[in-house]
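Inside the fold
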Amino acid sequence: MKHILTVSLLLISLGAFSQEILLQQNVKADTVRPTRGPNLKNFTYGYIGLGFPFYTNEAVNYTKPGLSSAFNIGIRYKRRLTNYLALGLDLGLNSTAYKIKQKEPKTFPDNTVNDKEKFQISTLASSAFVRINVGRRGNYIGNYLDMGAYGGWNFQKKYKTINTNDEEEKVKESTTQLKYVENFSYGLLGRIGIGRYALTAGYRLSDIFKSSYAMPELPRLMVGVEVGLFK
Amino acid sequence: MLKSKFLFLLSGFLFLLPLLSEAQQLCMVYFKDKQHNEFNPYSYFDAKALERRIHNGLPLDDPSDWPVNEAYMNEVSLMVNEVIIESRWLNAMAVDADDLQINTLRQLPYVLNVEWIEPSEMNMAGYDDYDTSVNTNEAKILEGQLKTLGVDAWQKAGIDGKGLRIAILDVGFDHADKVPAFDHIRNENRLIATHDFTNRKNGEYVYYGNGHGTQVWSCIAGKIGDIQIGLATGAEFLLAKTEKSSEKYSEELYWLAAAEWADKNGADIINSSLGYTGKRYFNWQMDGKTSFVTRAANIAARKGMLVVNAAGNEGSDSWHYVGAPADADSVLSIGGIDPETGYHTSFSSYGPTSDKRMKPNVSAYGHVIAAAPAGLTSTQGTSFASPLVAGFAACAWQTNRSLTNMQLFKEIEKSGSLYPYFDYAHGFGIPQAGHFLNKDEVSTTPTFTVVENEDSIRIVVNKNLSDKNGASQNPEFKAVKGVTTESSGKQEYLYYNIMNKSGVLDSYYVLDVTQPEVVSILRSDFHDGETLNVHFEGYSISVKL
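Each value, and the rule that gives it
Residues numbered from 1 in each chain as written. Chains lettered and ligands numbered in written order. Predicted model: local features only at pLDDT ≥ 70, side-chain atom pairs only at ≥ 80, totals over all residues. pLDDT = per-residue confidence, 0-100. Contact = placed C-beta atoms within 7 Å. Buried ≥ 20, exposed ≤ 12 C-beta atoms within 10 Å, placed from the backbone. Helix = DSSP H or I, 4+ residues; strand = E, 2+ residues; numbered from the N terminus. Pairing = 2+ DSSP bridges. Axes fitted to C-alpha atoms, helices over the stretch in contact; angles between N-to-C directions. Parallel < 35°, antiparallel > 145°, perpendicular 65-115°, else oblique. Left-handed = near helix turned anticlockwise from the far one by under 90°. Arc of directions from axis to C-beta. Core = buried A, V, L, I, M, F, W, Y, C linked by C-beta atoms within 7 Å.

Notes on the confidence of the model for chain A
For chain A, the mean per-residue pLDDT works out to 88, and 91% of the residues sit at or above 70. Confidence drops under a pLDDT of 50 for residues 1–17 of chain A, and excluding neighbours within four residues, the segment shows 24 contacts in the predicted structure.

Encoded structure:
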């Protein structure tokens, strides 16, 4: 680079050179082996994901399948140990909306039937994971299995209803900082990824509602998809 | 309850885990020996293969040419799911086997080693939709792709690659059995053999799948009426299908098997417009010895064949560098030229190799007109620069059959439009027919002057640049290499590089020359032992700094 800088400086100082540089390659500057990349020592990338509560027992399911969902966005750091093994950390925001079934007889969280009703819990979460890669590859994420654990602070705990009054007006009621919702959550996570795309699963070990309120638990298992934000 | 759900989740992952890996597990089984009692090269090889070996001073009875032991193969084939290929050069078999079978194979007394073959992905140059019409711009490219390689001179000398046998290793030759661009070859029975290495059941049928190989073939030898697409219209051909679009494991194995087949069938030249890069390798593994296909290509060259390979199309990508096997020292790697500008086209992969050897070796048009299954088409990629040079190589070899493959390799480098100047974008530039046909006509008329002062070095061109786009007004300023007379006319570029004392370029530039004083460089910017190399219109000079 210094050589071409010299030319450029002369172009300015003497004003006699106006040659257009069509191609320039600085090989010398390219000799340092990179350490940042999808399959290099360090790799940091963003991700977005969408998950859905998954039920194993419909009888105790109080949320609407398909409509309840969780949106995730975050940043992830991966440290390569070998071509087949890596460790990772991530930090992200998670917003989960549990939309409550309104079918009578309704028992959760109470017996009032609303037009719409949901618990919205937003979490600042961090996780740690072990990544097992399958197949030798170059500087690519490749195919992988992640297993780890997460924990987070439920910074937003909201309960919201929407109803229609006699005037055909929409009435929205919202209650925040719910005392009966736990402040923290934690659980296990897993991902199966192929390149930037991954199937995700999270299993919440913590309860949503404080045990002293004796409320039934919402689905613990969340499955979804995730897209890594990298080239 | 919690535990059971966790187990459910875990079991789900474990169930899905195998999906991450491919169902096939391809392995290379290497044998300790061949245990051959007798090998008759005269019955085993094609006459041309024997001729090439004799010509190159190679032994006819070389153990690496002995077939793999049949008893070993028979026994192994009964123990695995499928045999993919066998390789006499590596004394090995590629097989599809599970872990248990691999363990059993390892116990065999004659098995040296079992290596798992990793997945890879082929990178192939673009195969655009064809257009039956050739517009003005395309006609210009079609003319230029051969004119830059001296088609007029070759034709005048009656050179068309006759007597040379070229093997093309490619993804498929869709409709090449019907495309009229190859009528002259079929009519004269110069298509010697074909083989589909990707599907044993297909045997010799290669005319399906992908038209990439059809286009590549046309860039070597295509001709429709008066329209000539490649230079070696008189050569003989071997077509090998070594790729299939859905197969991610075996390409390099098929490449090896096809190279051995080409060797056996008397090929003089192999053209491979294929490359393997980041899906499998890191670019620092492009050191000419790491990748499987690179090792195979070097063995092919050791057998006396000239291996011509596309440099790759990653010049604009993060990969940036040549792929495998273009990194092999014995492979003539071909970079791409933009017909519009006359210098490196942006997608053409750069050198050097990771061990700092020059690649590509030479260049040709990376944007071409080729014969696709249903007509002429405009397409781009070093995939097509490579066959243009393969055709050139056949013509060059025809002029002097006493050359060995590596002597020809060096002569093609010397024929480059920039030679002795080089850089890692163009190699030695575009090969010139004149080097092989009229060596005596090469002159060394200086086209620029290097003015050395105490503090700086200036490069001043010896040319009236008032008519920048026209012909030179100076009768003494006559191009000494073909590029100025044979290419598109946009050659007023000055190339310079800074070479360190190890002979490796630290940096290089191409400048558009619009004024006589092109470059001024301060001496204080350089280290001891560095060299400034400059090239302008056929004339090169080196200055020790």
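After presenting the structure, the write-up continues.
Overview of the pairing of strand E11 (residues 269–272) of chain B
Residue and element names in this part refer to chain B. Burial along E11 is two-sided: Ile-269 and Asn-271 and Ile-270 and Ser-272, pointing in opposite directions, are all buried. Looking at chain direction, E11 and strand E13 (residues 306–310) are connected through four bridges and run parallel. From the neighbouring strand, Ser-272 faces E13, where its bridge partner is Asn-309.

Examining the packing of helix H12 (residues 382–399) of chain B against helix H13 (residues 405–414) of chain B
All names here are of chain B. Close contact between H12 and H13 brings their axes to 11 Å; oriented N to C, the two are set at 110°. By the angle between their axes, H12 is roughly perpendicular relative to H13. Here H12 and H13 pass one another in a crossing that is right-handed. Side by side, H12 and H13 meet where Ala-393, Ala-396 and Trp-397 of the first sit next to Leu-408, Glu-411 and Ile-412 of the second.

Side note on helix H3 (residues 47–55) of chain B
Residues and elements named next belong to chain B. If you check which residues of H3 are buried, you get Ala-49, Arg-52 and Arg-53. Considered in projection along H3, the buried side chains sweep an arc of 100° and stay on one side of the axis. Facing away from the buried side of H3 by over 90 degrees, the exposed positions are Ala-47 and Ile-54. For H3, the secondary structure elements touched by its buried residues are helix H10 (251–264). Once H3 finishes, Gly-57 follows within two positions and takes phi at roughly 70°, a positive value.

Details of the environment of Pro-325 of chain B
All names here are of chain B. Secondary-structure assignment places Pro-325 in the loop between E13 and strand E14 (331–337). For Pro-325, a count of 31 C-beta atoms within 10 Å puts it in the buried group. Sequence separation between Pro-325 and Tyr-276 is 49 residues; the distance between their C-alpha atoms is 7.3 Å. Excluding anything up to four places from it in sequence, Pro-325 contacts Ser-272, Ser-291, Val-293, Thr-294, Ala-297, Asn-309 and Val-331.

Thoughts on the nonpolar core
Core analysis: the biggest nonpolar cluster contains 151 residues, and Ile-166, Ile-269, Ile-270, Val-389, Ala-393 and Leu-494 of chain B have the highest contact counts within it. The greatest single-element share of this core, amounting to eleven residues, is contributed by H12 of chain B. If we ignore the near neighbours within four places in the chain, the residues touching Leu-494 of chain B are Ile-459, Val-461, Leu-511, Val-513, Val-518, Val-534 and Phe-536 of chain B. Residues Phe-54, Ala-125, Tyr-150 and Leu-189 of chain A belong to the second largest nonpolar core, which totals ten residues.

Quick notes on the sheet that holds strand E22 (residues 517–522) of chain B
Residues and elements named next belong to chain B. Across the sheet, three strands lie side by side as E18-E19-E22; this open sheet has antiparallel pairing. Every interior strand has two partners, whereas the edge strands, strand E18 (448–452) and E22, have only one. Within the sheet, the average angular offset between the axes of one strand and its neighbour, ignoring direction, is 15°. As defined by bridge partners, E18 adjoins strand E19 (residues 456–461) across five bridges and the pair is classed as antiparallel. In the sheet register, Glu-452 faces E19, and the bridge partner there is Ile-457.

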